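Residue-level listing of the chains:
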Amino acid sequence: MEGNKSSGTGEGENPLPSASASASASATALQVDKDMDNAKNGLNPLSFKPAIDEEIEQMEKSNSIQKNDNDNSNNKLNSNNSNSKMNPKVSSKVLTFDQYLSAEDLDLSKLRSCAWTGVPDIFRAPVWQVLIGYLPTRQSRRQQTLDRKRKEYFDCLPRYYDSSNADRSEEDQKMLRQILLDVPRTNPGMPLFHNVEVRRSLERILYIWAVKHPASGYVQGMNELVTPFYVTFLAHHTSGGDLEDACAYDVSLLPSELLDAIEADTYWCLTKLLDGIQDHYTFSQPGLQRMIFKLQGIVQRIDIGLFNHLETHEVKFVQFAFRW
């Protein structure tokens, strides 16, 4: 534990590099150029048209084959086509999400209903950003919103983060030390979170949120709320939304402006999420108590036998409903 504490610098020094530091390239020049081109095309989280076209083309091929296969017209593609990545059902869902997100005025209730049964990989990032309230439903305002919010986030860094320990309050220094301890423990089994730049991004996100929300500040466990957003947005720009590929991706291949965009988007989505559950982290945790009470009521209503068993053995819901 002491070794982790020493990762910060001494009093009066900035413990971390600035957000604008670029990751060094570790692949051949050809691969770097290719990834940079892909990244530049992906700065807008709604730039998924090539992937959609590919899905549609696969669907049309599948449908054409099925129409010619009279004996199996109501079945899935035969074994000769088993290598196809998409089936008509999945492709139909891709088209549905494309239609919703491409509309000038997005119907939020329809998008929410459609997302309930799952979101295709290539749409997960923009769907999350719209549903959580980060991106507006009006399509023509989304890029403007992204530009403004990303700038707003990085404008916060000189004031809140890129300062010396001498300029921080004792409480802020304590929070930063705890964040510096917790981030290396976050998803240690994933190579992505061993990367120095990724860890610095998580540290900045958590610290900026904490100092701007003093009612709760940083609480252990918040670091695990950041990672789903970060991985999802990274996957959108690097692997067509495939989360497994993103977790093994070498982020040093990406230009710094793309990493900055992923970081800022992650911060704002975390903020939106915590806005609705901040009382889970304040004194006496009224939000958590309320959720445990609701769970107790649900179990009592749908499984009275289990509820009575727990009551008989004096097992309290608070003892197992959340791991902390």
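Residues numbered from 1 in each chain as written. Predicted model: local features only at pLDDT ≥ 70, side-chain atom pairs only at ≥ 80, totals over all residues. Heavy atoms only, no water.

## Some words on the overall build of the protein
Helix and strand counts for the protein stand at 14 helices and 0 strands. In the protein, the succession of α and β elements from N to C terminus is α-α-α-α-α-α-α-α-α-α-α-α-α-α. Within the protein, the proportion of its 324 residues that are buried is 41%. Long-range contacts, defined here as pairs at least 24 residues apart, represent 70% of the contacts in the protein between residues at least 6 apart. Of the roughly 17800 Å² that the protein leaves accessible, carbon and sulfur atoms contribute 51%. (Helix = DSSP H or I, 4+ residues; strand = E, 2+ residues; numbered from the N terminus. Buried < 20%, exposed > 50% of the residue type's maximum accessible area, 1.4 Å probe, protein only. Contact = heavy atoms within 4.5 Å. Areas by Shrake-Rupley, 256 points an atom, 1.4 Å probe, with all protein chains shown as cover.)

## Thoughts on the side chain of arginine 168
Positionally, arginine 168 belongs in the loop between α7 (142-160) and α8 (170-182). For arginine 168, which is buried and forms no salt bridge, the nearest opposite charge comes from aspartate 172, at a distance of 6.7 Å. Within polar-contact distance, the side chain of arginine 168 engages the backbone oxygen of tyrosine 161 at 3.1 Å. Among the polar contacts listed, one links the side chain of arginine 168 to the side chain of tyrosine 207, at a separation of 3.1 Å. (Lys, Arg positive; Asp, Glu negative; His and termini not counted. Salt bridge = Lys/Arg side-chain N within 4 Å of Asp/Glu carboxyl O. Polar contact = N/O pair within 3.5 Å; in protein donor to acceptor, adjacent residues only side chain to side chain.)

## What to know about unusual backbone geometry
In this structure, asparagine 187 takes a positive phi of about 45° despite not being glycine. Residue placement: asparagine 187 occurs in the loop between α8 and α9 (196-212). Take asparagine 187: its relative accessible area is 27%, and that puts it in the partly exposed class. Unusually for a residue other than glycine, glutamate 314 sits at a positive phi of about 55°. Here glutamate 314 is to be found in the segment after α14 (304-312). Relative accessible area serves as the criterion here: at 62%, glutamate 314 is assigned to the exposed category.

## Quick word on the packing of aromatic side chains
Scanning the model with the defined rule gives 9 aromatic pairs in all. An angle of 85° between the planes, with centres 5.8 Å apart, marks the rings of tryptophan 128 and phenylalanine 229 as edge-to-face. With a gap of 101 residues between them, tryptophan 128 in helix α6 (residues 124-131) and phenylalanine 229 in helix α10 (residues 223-238) connect regions that are remote in the sequence. Owing to a relative accessible area of 7%, phenylalanine 229 belongs among the buried residues under this scheme. Between phenylalanine 229 and phenylalanine 233, the aromatic rings sit 6.2 Å apart at their centres with planes inclined by 35°, giving tilted as the arrangement. Highlighted residues: phenylalanine 229 and phenylalanine 233, both in helix α10, separated by 4 residues, approximately one helical turn. You'll find phenylalanine 229 and phenylalanine 233 in the same group, each marked buried. (Phe/Tyr/Trp six-rings, centres within 6.5 Å; stacked < 30°, edge-to-face > 60°.)

## Topic: the nonpolar core
Among the nonpolar cores identified, the biggest contains 60 residues, and Phe97, Phe123, Val127, Tyr153 and Leu206 are the most heavily contacted of them. In contact with valine 127, not counting residues within four places along its chain, are Phe97, Leu101, Leu111, Ala115 and Val119. (Core = buried A, V, L, I, M, F, W, Y, C linked by side-chain atoms within 4.5 Å.)

## Quick look at α9
Note: α-helices contain 3.6 residues per turn, so residues at a spacing of three or four share the same orientation. Compared with the 24 Å implied by 1.5 Å per residue over 17 residues, the 24 Å span of α9 between its first and last C-alpha is a close match. Counting buried residues along α9, 14 of its 17 residues qualify, which places the element largely inside the surrounding structure. If you check the start of α9, you find a side-chain oxygen 2.8 Å away from the backbone N of glutamate 197, and it comes from asparagine 195. (Expected span 1.5 Å × (residues − 1).)

## Some words on the pattern of salt bridges
Tallied over the full model, the rule gives 9 salt bridges. With a closest N to O distance of 2.7 Å, arginine 150 and aspartate 265 form a salt bridge. Of the two residues, arginine 150 sits in helix α7 while aspartate 265 sits in helix α12 (residues 256-275), which places them 115 residues apart along the sequence. Across the pair, aspartate 265 and arginine 150 agree in class, each one buried. For the salt bridge of arginine 200 with glutamate 203, the shortest nitrogen-to-oxygen distance reads 3.3 Å. Separated by 3 residues within a single helix, arginine 200 and glutamate 203 lie in helix α9, roughly one turn from each other. When salt bridges with common partners are traced through the structure, they connect Glu104, Asp105 and Arg138 into a single cluster.

## A closer look at the environment of leucine 206
You can see leucine 206 is positioned in helix α9. Take leucine 206: its relative accessible area is 3%, and that puts it in the buried class. The spacing of leucine 206 and asparagine 223 is 17 residues in sequence and 7.0 Å in space, taken between C-alpha atoms.

These results come straight from atomic positions and should not be treated as a statement about function.
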